[in-house]
Structure formats: C-alpha cells, structure tokens
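Close look at the chain arrangement
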Amino acid sequence: MTSMISSQVLVWVCTKRRPTLKNSEDDNASCGTRGGRAIARALEKELFRRSITVPVVRVDCFGEGCDNGPNVRLLPFKKDFEGVVVEKVPGIAQQIGYILQTLQPPA
C-alpha cells in the first residue's frame, strides 16, 4: 500500500446516539446504542495489528442506513458495511486491506 493511497483513505464509523423515548419499542435505533464506539475502537486496533495506516473517524451520522447500523464506510471507495458487530471487525479489516492493495481511489 502506498502512502499516497492511505493518506486519501478514511474509515468512517457511525457513533450516533439518538435519545430514546420512554416506552419506545425502538430504543436501540442508533449506531451508537448498538455498539458503534466499540466497533471504532476494535477497528483501530485491528487495522494497527495489520499495519494498515488508515484513520478511523467517528462520525455522528451518515444520514442513511440507520435501521441497518452500526455502519462503517470506507472512503473514497464508498464501500459500506452495515449491521457491523465487533466480531465482524477482523473480516472488515481484511477487506479494507485487500481494497487498498488492489484498487486506486476514485478520482
């Protein structure tokens, strides 16, 4: 992986925590309440372990896909991972490494 590619790449992790209404049936309706912060930490550790130097950025919301979260997005490739749980992080890190080795960022 070249430094030019890795300097242009970001991994976004949604960590939005929406307030829930009392007696709401949907009290787990945000990426943050479903483990977004733990996923971000796990991704940082796993990418470091694999010597993949890409920043993990915690974002408040992607503005889409909330029902399928927690969500992770690899930019600028616009590769989305939905319904992420910590157990999926090694596989996601592996995919990120593969993408960085084989693709050039879109212009």
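Residues numbered from 1 in each chain as written. Predicted model: local features only at pLDDT ≥ 70, side-chain atom pairs only at ≥ 80, totals over all residues. Heavy atoms only, no water.

Looking at the pattern of salt bridges
Put simply, the test is: Salt bridge criterion: a side-chain nitrogen from Lys or Arg within 4 Å of a carboxyl oxygen from Asp or Glu.
For the coordinates displayed, the defined rule picks out five salt bridges. In this structure, Asp 80 and Arg 73 form a salt bridge, with 2.6 Å as the shortest nitrogen-oxygen distance. Look at the salt bridges and you will find they share partners, linking Glu 46, Arg 49 and Arg 50 into a network.

Regarding the confidence of the model for the protein chain
Threshold: Each residue carries a pLDDT score, the predictor's confidence in it, ranging from 0 to 100. Put simply, DSSP marks the helices as runs of H or I at least four residues long and the strands as runs of E at least two long, and each gets a number from the N terminus on. Whether two residues are in contact is decided by their heavy atoms, any of which lying within 4.5 Å being enough.
With 80% of its residues at a pLDDT of 70 or more, the protein chain shows a mean pLDDT of 83. Across the protein chain, the secondary-structure element scoring lowest on mean pLDDT is helix α1 (residues 3-8), at 55, and the one scoring highest is helix α2 (residues 36-49), at 96. The model gives residues 1-5 a pLDDT under 50, and that stretch makes 10 contacts with residues more than four places away or in other chains.

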